[in-house]
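# A look at the structure
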Amino acid sequence: MRSTIALAAGLIALSAASALAVDGEREEAPDFYLGVGIEQDLENDETELSVSVAGSGRRRIAPDLGLYDDKLLVGVRYMLLGRRAELQRDIYGGPTLFWYDNDWGGGAIVGTHLSREVILEASYRATPDWDGEVDLSVGYGFSWPWR
């Protein structure tokens, strides 16, 4: 029940935040984002803070990497709704396919821009043998100083 509430809260936050998204600006996106979030482990019914690093999201197909319970998650995501680097988009994201703990899994990521530098993202990942995790995070964008 708590996992359903966490997922619903994340979707509501993304919907409300899309109203604050940037207005069709043609600025260039930051090179990478550092984020903090709340992660709900659906398997163990635990909630904890998470830290994330994400690229600029200039490509439609992007890597999907994570570390859960000291095991590496490696996969690929397809940014069906748009890319993180497209600042004029209200919502971006798409499905993900990955290998984790000797099993294939899937999920989705959805995000929005609150400003040029600030993003809000929600994600869900699971496998047939792993109930998965839900994450809601806020990221701040940085550009390389030599650009």
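Given the structure is predicted, the values throughout are model-derived calculations rather than measurements.

## Let's talk about the overall build of the chain
In terms of regular secondary structure, the chain is built from one helix and eight strands. Reading the secondary structure of the chain in the N-to-C direction produces α-β-β-β-β-β-β-β-β. Burial analysis of the chain (147 residues in total) assigns 42% to the buried set. Once local pairs closer than 6 in sequence are excluded, the contacts in the chain between residues at least 24 apart make up 51%.

## Some thoughts on the pattern of salt bridges
Per the counting criterion, the structure on display carries 10 salt bridges. The salt bridge partner of Arg-58 is Glu-28, with a shortest N-O separation of 3.5 Å. Within this pair, whereas Arg-58 is found in the loop between strand S2 (46–55) and strand S3 (61–68), its partner Glu-28 is found in the loop between helix H1 (2–17) and strand S1 (32–41), the two being separated by 30 residues in sequence. The exposure class of Arg-58 is partly exposed, given its relative accessible area of 37%. Exposure remark for Glu-28: the relative accessible area of 46% places this residue in the partly exposed category. Here Glu-121 and Arg-84 are joined by a salt bridge, their closest N and O atoms 2.7 Å apart.

## Side note on the sheet that holds strand S5 (residues 92–100)
Spatially, S2-S1-S8-S7-S6-S5-S4-S3 is the arrangement adopted by the eight strands of the open sheet, whose pairing is antiparallel. Unpaired on one side and paired on the other, S2 and S3 mark the two borders of the sheet. This sheet shows a mean twist of 25 degrees between the axes of neighbouring strands, independent of strand direction. In this structure, S5 lies alongside strand S6 (residues 103–113), joined through nine bridges in antiparallel fashion.

## Regarding the pairing of S5
With four bridges joining them, strand S4 (residues 71–78) and S5 adopt antiparallel strand pairing. Following the sheet pairing, Gly-75 is matched in S5 by Phe-98. Here S5 folds back onto S6 in antiparallel fashion, the turn holding two residues, of which Asp-101 has a positive phi close to 50 degrees.

Procedures and definitions
Residues numbered from 1 in each chain as written. Predicted model: local features only at pLDDT ≥ 70, side-chain atom pairs only at ≥ 80, totals over all residues. Heavy atoms only, no water. Helix = DSSP H or I, 4+ residues; strand = E, 2+ residues; numbered from the N terminus. Buried < 20%, exposed > 50% of the residue type's maximum accessible area, 1.4 Å probe, protein only. Contact = heavy atoms within 4.5 Å. Salt bridge = Lys/Arg side-chain N within 4 Å of Asp/Glu carboxyl O. Pairing = 2+ DSSP bridges. Axes fitted to C-alpha atoms, helices over the stretch in contact; angles between N-to-C directions.

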